[in-house]
Amino acid sequence: MAIIGKDIQYAATLLKEGSLVAIPTETVYGLAANALDAEAVTKIFSAKQRPHFDPLIVHVSSFEKVSDYVSEIYPHAIKLAKEFWPGPLTILLPKKSIIPDLVTSGLDRVGVRCPDHPLTLSLLQQLTFPVAAPSANPFGYVSPTSAQHVQDQLGEKIPYILDGGNCKVGIESTIIGWENDQPVLYRLGGISQEAIEKITGPVKRIMHSTSQPQAPGQLTSHYAPGKKFLLGNIESLMKENAGKKAGVLSFGKGNIQNDYHLNLSENGNLEEAARNLFSMLRKFDSMNVDLVIAEEVPEEGLGKAINDRLRRAAATPQ
C-alpha cells in the first residue's frame, strides 16, 4: 500500500524521478506526475485505467508560470486568474510544444490551474516543472476527497499520498475556454457560472461528450458509485423500488423514513453539499443496499455543478 504522509520533499523527489504522487487540492485529490515527461504521464493513465482520449489538467504554482507552457493568454483569462487563482478554476489555452500531446489527448489546448492548497502549492514551488493531475481514483468512479479515499482505491499502484486533510470544496474545478472569442464552460465545478459571468459576460455551455472530449471531465458517464444510482423524485422512486433495499441521498429538510439515509446538507447549504457529495456517494458502497436513490439540488450557484455530477452518476451503466 502507499505511504501516507506530509513530507513535501519526499513527494518532490518521487515526482522528479518520474513516479506518481497523490496530492491534495481544495477540489479533490489529484494523481500527479511530471507534466513535461510523457513516460511519467503514461503512468497516470495506466494507474487510473483512464482512456487516452480524455485530456489532463496541468497544475502550476502561480499565474506567472502559465506563459512557460501556453502560447497565448487571453485578456479574460488574465482577469479570471487574478480573481479566482489559487482556486477551483481551470483555463483552457493554446499549448506550447513543451506540453506533450499525451497530456492534451492530441488537442492544441491545455487546461491549466493553480490549486488552492498550501501543501501542494509548496510542492509545486519546489519543482522545475508543472504536474498533470486528474482525480486520484479509478476512471469513472467517485472522486476522492481524503487521503484514505485514495489509499482505498489506488494504494497498491502508487508509492506516496501527500495528506492534506479533507478537501474544502469537494467537487472538481470549473473549466472555461474560448471559441471564436466566445467564453465556453466545458465543466461546472467549484466556481459558479454566475461568478464567471460577472467577469466574462454570458458564457456558452458545452458540458458532456461520449467520446473525444474537448476538455477534461466531459464524459457523460462519470462520478459513479459502485451501486445502481437513480436520480429523480425520492418518494416516487422509493415506491417504484419497494421491496428493494435502497439508500437515499437527500438535500435540505424533509421527512424521509429510511435506514440508509444521508443528507448532503440539512440546512440547504450548497457549499456544504458540495463538500459532502463524493464522500457520501462512497459511503453507500459500504452499506448493505441494492441501489441508491437521490434527488437534485436547487439549480443555482454550486447546485449546477452538484446536479451535473449527480446526472452523470445516474448515466453510468451499472
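Below: a short report on this structure.

1. Examining the pairing of strand β13 (residues 246-250)
Okay, step 1: Counting buried positions over the five residues of β13 gives five, a clear majority of the element.
Okay, step 2: Along β13, one buried face is formed by Ala246, Val248 and Ser250 and the opposite face, lined by Gly247 and Leu249, is buried too.
Okay, step 3: Sheet topology places β13 next to strand β15 (residues 291-294); four bridges connect them, and they run parallel. Considered in β15, the bridge of Ala246 is made with Leu291.

2. Remarks on the sheet that holds strand β8 (residues 160-162)
Okay, step 1: Taken in spatial order, the 11 strands make up an open sheet running β1-β8-β2-β3-β7-β4-β6-β5-β9-β10-β11, and their pairing is mixed. Each of the sheet's edge strands pairs with one partner strand only, and the pair in question is β1 (3-5) and β11 (204-205).
Okay, step 2: Where strand β4 (residues 57-59) meets strand β6 (residues 109-113), three bridges bridge the pair, whose relative direction is parallel. Looking across to β6, one finds that His59 is bridged to Arg113.

3. Overview of the pattern of salt bridges
Okay, step 1: Taken as a whole, this structure holds 11 salt bridges when the rule is applied.
Okay, step 2: Among the ionic pairs, Glu296 bridges to Arg311, the shortest N-O distance being 2.9 Å. With Glu296 in the loop between β15 and α10 (303-315) and Arg311 in helix α10, the pair connects residues that are 15 residues apart, well separated along the chain.
Okay, step 3: For Arg311, a relative accessible area of 33% puts it in the partly exposed group.
Okay, step 4: Here Arg309 and Asp308 are joined by a salt bridge, their closest N and O atoms 2.7 Å apart.
Okay, step 5: Arg309 gets classed as buried once you look at its relative accessible area, which sits at 1%.
Okay, step 6: The exposure class of Asp308 is buried, given its relative accessible area of 3%.
Okay, step 7: Here the salt bridges share partners, and the residues they tie into one network are Glu172, Asp308, Arg309 and Arg312.

4. What about the packing of aromatic side chains?
The geometry of two aromatic rings is summed up by the distance between their centres and the angle between their planes.
Okay, step 1: Across all of its chains, the model carries three aromatic pairs by this definition.
Okay, step 2: Ring geometry for Tyr10 and Tyr160: centres 4.9 Å apart, planes at 85°, overall edge-to-face. Residue Tyr10 is located in helix α1 (residues 8-16), and its partner Tyr160 is located in strand β8; the two are separated by 150 residues in the primary sequence.
Okay, step 3: Looking at Tyr160, the relative accessible area reads 3%, which means it is buried.

Reading the values: the criteria
Residues numbered from 1 in each chain as written. Predicted model: local features only at pLDDT ≥ 70, side-chain atom pairs only at ≥ 80, totals over all residues. Heavy atoms only, no water. Buried < 20%, exposed > 50% of the residue type's maximum accessible area, 1.4 Å probe, protein only. Helix = DSSP H or I, 4+ residues; strand = E, 2+ residues; numbered from the N terminus. Pairing = 2+ DSSP bridges. Salt bridge = Lys/Arg side-chain N within 4 Å of Asp/Glu carboxyl O. Phe/Tyr/Trp six-rings, centres within 6.5 Å; stacked < 30°, edge-to-face > 60°.

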